[in-house]
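Structural overview for review
Single-letter residue listing:
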Amino acid sequence: MTVVADRDVALVDLLDRLLAGGVVISGDITISLAEVDLVHVSLRALISSVQTLVEP
Amino acid sequence: MTDTLVYLYAVADAADAQDHAISGVEGAPVRRVVADGLAAVVSSVDAERFGEEALRRSLEDLQWLEKVARSHHEVVASLARSGPVAPVRMATVYLDDQNVRALLHDRASALHRALDRVRGRSEWGVKAYAVPAPEADDRDEADGAKPGTSYLMRRRSERDRAAGGLRAAVEAADAVHRVISDLADATRRYEPQDPRLSGRREQMVLNAAYLVDEAGAAAVRRLVEDRDVPELRLELTGPWAPYSFATLEEP
């Protein structure tokens, strides 16, 4: 078993929570990004960056 | 038109969220906006970089995304150490403090309920990866007279074995999830992470979050440590601020 220290939290784990979790508040908000869009965008960015690393 | 916007990290009890000497996104000092017994923890951000259009573009920039995500997380984690906190989804930006105050006022009862729900509790993440079954040694069965046929047979049994192994791992992961769920006040399952993102070759079969009190956390820890499931490799992360559970709706 591994318990990950705060400092070493993987970006992908962080994004699971920061983009898919968290309170969503609408109303007076000036900028609200839809859940699906945001996760999709970030994962696309992640995947393409991983691909860039793997296939230079 | 102002040149700054207000980036919101989390909402906490006004009594708990004392001023923290921490900096947030892009190094700006973190401050509080208080209303209705609640404190919104915010910092000012550049309107050009955090405006809606710019934000959409920036989120495609992995380095930028990671910096903002880590800053956001540091602020939320620091708040979570001093009391219940309702983390707000990353990249939630308001025009000014007055709008944030109005939000606290309008959603006060839902926010208070969310804080009560997570009070004294934390979130733990459990991931399970399928462990590939050891290769069967079936060379003895090879028919020397028909090497082509026996090759194809071996290939097929190899494929069946892999599919069966994954099925067994998914079932084992569901069983683990049920056991941990019994210890938790609330649970939430995320999509298994893509192997390209998780950086592992094994297939992820469980990616879940659990809301537990202190005793529950110890129990989850023991369970993940001691549970001997040959089909799975379990991984525990936490404690997290209750990102998955401080929602404004009842779960």
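These numbers come from a predicted model, not from an experiment. (Residues numbered from 1 in each chain as written. Chains lettered and ligands numbered in written order. Predicted model: local features only at pLDDT ≥ 70, side-chain atom pairs only at ≥ 80, totals over all residues. Heavy atoms only, no water.)

1. Re the overall build of chain B
We apply this condition: The helix and strand labels rest on DSSP assignments: H or I over at least four residues marks a helix, E over at least two residues marks a strand, and numbering proceeds from the N terminus. Only C-alpha atoms enter the radius of gyration; for comparison, a globular chain is expected to reach 2.2 Å times N to the power 0.38, where N is the number of residues. When accessible area is computed with a 1.4 Å probe and restricted to protein chains, residues below 20% of their type maximum are described as buried, those above 50% as exposed, and intermediate ones as partly exposed.
When helices and strands are tallied, chain B shows 8 helices and 9 strands. Here the C-alpha atoms of chain B give a radius of gyration of 24 Å, more than 25% beyond the 18 Å that 2.2 N^0.38 yields for 251 residues. Considering only C-alpha atoms, chain B reaches an extent of 85 × 40 × 30 Å along its principal axes. In chain B, which comprises 251 residues, the share counted as buried stands at 48%.

2. Observations regarding the overall build of chain A
Going by this rule: For the accessible areas, the method is Shrake-Rupley and the probe is 1.4 Å, while residue cover comes only from the protein chains on display.
The helix and strand inventory of chain A stands at 2 helices and 1 strand. When the elements of chain A are put in sequence order from the N terminus, they spell out β-α-α. Here chain A holds 56 residues, and 46% of them are scored as buried. Just so you have it, chain A exposes about 2900 Å², and 56% of that area is on carbon and sulfur atoms.

3. Let's talk about empty space enclosed by the protein
Where we set the bar: Here a cavity is any set of points on a 1 Å grid over the protein atoms alone where a 1.4 Å probe fits but cannot get out, and a pocket is any open set with protein on both sides within 12 Å along at least 5 of 7 lines; a residue lines the site when it has an atom within 4 Å of a point. Grid points are joined across faces, edges and corners, and a volume is the space filled by probe spheres set on the points.
Counted by the stated rule, this structure contains 2 cavities of 30 Å³ or more. Space inside the second largest cavity adds up to approximately 30 Å³. Looking at the second largest cavity, the residues that line it are D13 and R17 of chain A together with G125, K127, N207 and T237 of chain B. Breaking the lining of the second largest cavity down by element, the ones donating at least two residues are α1 (11–20) of chain A together with β6 (122–130) of chain B.

4. So, the domain arrangement of chain B
When the parts of a complex come together, some accessible area is lost, and that lost area is often taken as the interface size. Formally: Note: domain ranges come from an automatic or database domain assignment.
Domain boundaries in chain B define domain 1 (4–118) and domain 2 (122–240). Measuring from the centre of the C-alpha atoms in domain 1 of chain B to the corresponding centre in domain 2 of chain B gives 36 Å.

5. A short note on the pattern of salt bridges
Definition in use: What counts as a salt bridge is simple: a side-chain nitrogen of Lys or Arg found within 4 Å of a carboxyl oxygen of Asp or Glu.
For the structure on display, the rule yields 13 salt bridges over all chains. Taking the shortest distance from any N to any O, the salt bridge between R17 of chain A and E123 of chain B comes out at 2.7 Å. Of this pair, R17 of chain A sits in helix α1 while E123 of chain B is found in strand β6, placing the two residues in two different chains. The exposure class of R17 of chain A is buried, given its relative accessible area of 2%. Two residues, E26 of chain B and R49 of chain B, come together in a salt bridge whose shortest N-O distance is 2.8 Å. A residue pair is termed long-range when its members are at least 10 positions apart, and E26 of chain B in the loop between β1 (4–13) and β2 (31–35) and R49 of chain B in helix α1 (residues 47–50) qualify at 23 residues.

6. Observations concerning the confidence of the model for chain A
Put simply, the test is: The quantity called pLDDT is the predictor's confidence in a given residue, expressed from 0 to 100.
On average, chain A scores 63 in pLDDT, and the residues at 70 or more come to 30%. Mean pLDDT values over the elements of chain A span from 50, in strand β1 (residues 3–4) of chain A, up to 83, in α1 of chain A.

7. Side note on the layout of surface pockets
Residues and elements named next belong to chain B. Under the convention used in this document: Under the grouping applied here, Gly and all other residues not named as nonpolar or charged are polar, the nonpolar ones being Ala, Val, Leu, Ile, Met, Phe, Trp, Tyr, Cys and Pro and the charged ones Asp, Glu, Lys and Arg.
As a volume, the largest pocket reaches approximately 410 Å³. Every residue lining the largest pocket is counted, 23 residues in all, and those nearest its centre are A80, R121, S122, P239 and W240. Elements with a minimum of two residues in the lining of the largest pocket: α3 (62–80), β6, α8 (214–226) and β9 (232–240). Across the lining of the largest pocket, the residue classes tally to 13 nonpolar, 4 polar and 6 charged.

8. Side note on the side chain of N207 of chain B
To be explicit about the condition: We call two N or O atoms a polar contact when they sit within 3.5 Å, provided that within protein one can donate a hydrogen and the other can accept it, with sequence-adjacent residues counted only if both atoms are side-chain atoms. Residues count as neighbours in contact if any of their non-hydrogen atoms are within 4.5 Å of one another.
With respect to the helices, strands and loops of the structure, N207 of chain B is situated in strand β8 (residues 204–212). A residue is classified by how much of its surface remains accessible, and N207 of chain B, at 4% relative accessible area, is buried. At a separation of 2.8 Å, a polar atom in the side chain of N207 of chain B contacts the side chain of D16 of chain A. Each residue touching N207 of chain B, except ones within four places of it in the same chain, is listed here: D16 of chain A together with V126, K127, R188, R189, Y190, E191, P192 and Q193 of chain B.

9. Observations regarding α8 of chain B
Residues and elements named next belong to chain B. Our working definition: Take the number of residues in a helix, subtract one, and multiply by 1.5 Å to get its expected span. As used here, the arc belongs to the directions running from the helix axis to the C-beta atoms.
Here α8 spans 18 Å end to end across 13 residues, near enough to the 18 Å set by a 1.5 Å rise per residue. Where α8 is concerned, the buried positions are G216, A217, A219, V220, L223 and V224. When α8 is viewed along its axis, its buried side chains cluster within an angular range of 165 degrees and face the same direction. In this structure, α8 carries E214, A215 and D226 as exposed residues pointing more than 90 degrees from its buried face. As for α8, its buried residues are in contact with β6, α6 (147–183), β8 and β9.

10. Some details on the pairing of β9 of chain B
Residues and elements named next belong to chain B. Note the following rule: Strand pairing is assigned whenever DSSP detects at least two bridges linking the two strands.
Of all 9 residues that make up β9, 7 are buried, and the element is covered over most of its length. Direction of pairing for β6 relative to β9: antiparallel, over a ladder of 7 bridges. Its bridge partner lying in β9, E123 is registered against W240.

11. Quick notes on the nonpolar core
Residue and element names in this part refer to chain B. Spelled out, the test is: For our purposes a nonpolar core is just a set of buried Ala, Val, Leu, Ile, Met, Phe, Trp, Tyr and Cys residues, chained together by side-chain atoms within 4.5 Å.
Ranked by size, the top nonpolar core spans 33 residues in total, and within it Y7, Y9, F50 and M90 carry the most contacts. With 8 residues, α3 is the single largest residue contributor to this core. Counting 30 residues, the second largest nonpolar core, distinct from the first, contains A86, Y94, A114 and L211.

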